[in-house]
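# Residue-level structural notes
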Amino acid sequence: RSSDLYNSGNELSMPVIKLNSGDKVELHFDDLDADVKNYYYTYQLCNNDWTPVDLNQFDYMAGFTQLRISAYNFSSIALVRYTHYHAVLPDRSGYPTKSGNYVVKVYLNGDTSQLVFTKRLMILEPKASILAKVTQPYTPDLYDTHQRIAFTVSVNGLDAFNPGQQIKAVILKNYRWDDAQSDFPPTFIRGVSLE
């Protein structure tokens, strides 16, 4: 099985949408058994390190918590037969009500123990502004092979008690989470800006 989750209309995008905005993501996957199965999906809200939060699903979802994927097509000219499933998320029958990191879980027959695959989805609630600049590093031996990223986060719209510890930055290369860089303490804190 292959699977993709991306912003609607842009297959090369990272699945990031704004809360309550009407933004959509598309879920696509193939089943090589070439028959029709009852696939369902649900959302799991996660912390910044992608561990599940200790909340009931009804605290971060409205509507149904399990949604059936009913749109599918059979392969037509491929040598290997398969069934292609697709869905547009969030669906008005069940959707997240809080911003944060979500894992979309796809499973069989309404049974969450029959997990088929998961995908990461981020739902934003714009409250901070971020400015970033990519430059070459200062170290000569890294000058041609690496990049230096300087960024400033303005936390003016956040209710952060200790923004230097509460704000978490993650840098991804080509949308890959397996080699994500994180835990960047701010070099400077100037009022409501972290650099």
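This report concerns the structure included in the present document. (Residues numbered from 1 in each chain as written. Predicted model: local features only at pLDDT ≥ 70, side-chain atom pairs only at ≥ 80, totals over all residues. Heavy atoms only, no water.)

Turning our eyes to something else, we now look at the overall build of the protein chain. Counting its regular elements, the protein chain contains one helix and 17 strands. With the C-alpha coordinates aligned to their principal axes, the bounding extent of the protein chain is approximately 55 × 45 × 30 Å. A total of 195 residues make up the protein chain; the buried ones form 29% of that total. Put simply, the protein chain has 18 plus and 21 minus side-chain charges, and the middle of one group is 3 Å from the middle of the other. (Helix = DSSP H or I, 4+ residues; strand = E, 2+ residues; numbered from the N terminus. Buried < 20%, exposed > 50% of the residue type's maximum accessible area, 1.4 Å probe, protein only. Lys, Arg positive; Asp, Glu negative; His and termini not counted. Charge placed at Lys NZ, Arg CZ, Asp CG, Glu CD.)

Moving on, we come to the pattern of salt bridges. Scanning the entire structure with this criterion turns up seven salt bridges. Asp33 serves as the salt-bridge partner of Lys37, at 2.6 Å between the closest nitrogen and oxygen. In this structure, Glu195 and Arg190 form a salt bridge, with 2.6 Å as the shortest nitrogen-oxygen distance. (Salt bridge = Lys/Arg side-chain N within 4 Å of Asp/Glu carboxyl O.)

Strand order in the open sheet formed by four strands is E1-E3-E8-E7, with antiparallel pairing between adjacent strands. Whereas interior strands pair on both sides, the edge strands pair on one side only; in this sheet they are strand E1 (3–7) and strand E7 (71–74). The mean inter-strand angle of the sheet, taken between neighbouring strand axes irrespective of direction, is 20 degrees. Sheet topology places E1 next to strand E3 (residues 25–31); five bridges connect them, and they run antiparallel. The partner of Asp4 across the bridge, within E3, is His28. (Pairing = 2+ DSSP bridges. Axes fitted to C-alpha atoms, helices over the stretch in contact; angles between N-to-C directions.)

Attention now moves to the packing of aromatic side chains. One pass over the full model with this rule turns up twelve aromatic pairs. Here Tyr39 and Tyr85 contribute two aromatic rings whose centre-to-centre distance is 4.8 Å and whose plane-to-plane angle is 75 degrees, an arrangement assigned as edge-to-face. You can see Tyr39 sitting in strand E4 (residues 39–46) and its partner Tyr85 sitting in strand E8 (residues 83–89), a full 46 residues away along the chain. Per residue, the accessibility class of Tyr39 equals that of Tyr85, and both read buried. Here the aromatic rings of Tyr41 and Tyr43 are separated by 5.9 Å at their centres, their planes lie at 85 degrees, and the arrangement is edge-to-face. For Tyr41, a relative accessible area of 2% gives the class buried. Taken together, the aromatic side chains of Phe29, Tyr39, Tyr72, Phe74, Tyr85 and Phe117 make up a single cluster linked through ring pairs. (Phe/Tyr/Trp six-rings, centres within 6.5 Å; stacked < 30°, edge-to-face > 60°.)

The nonpolar side chains of soluble globular proteins are, as a tendency, buried together. Residues Tyr43, Ile69 and Leu121 are the most contacted members of the largest nonpolar core, which totals 25 residues. Looking at this core, the elements with two or more residues in it are E3, E4, strand E6 (67–69), E8, strand E10 (100–108) and strand E11 (115–124). By size, the runner-up hydrophobic cluster in this structure holds five residues, among which are Cys46, Trp50, Val103 and Met122. (Core = buried A, V, L, I, M, F, W, Y, C linked by side-chain atoms within 4.5 Å.)

All right, on to the pairing of strand E12 (residues 129–135) then. The element E12 is largely exposed, with a buried count of zero among its seven residues. Inspection of the sheet shows E12 paired to strand E13 (residues 148–154) by seven bridges, in the antiparallel sense. Within E13, the position partnered with Val134 by the bridge is Ile149.

As a further point, take the sheet that holds E12. One open sheet holds the four strands; their spatial order is E12-E13-E17-E16, and the pairing between them is antiparallel. Because the sheet does not close on itself, it has two edges, and the strands there are E12 and strand E16 (189–190).

Purely geometric stuff here, so don't read any function into it on its own.
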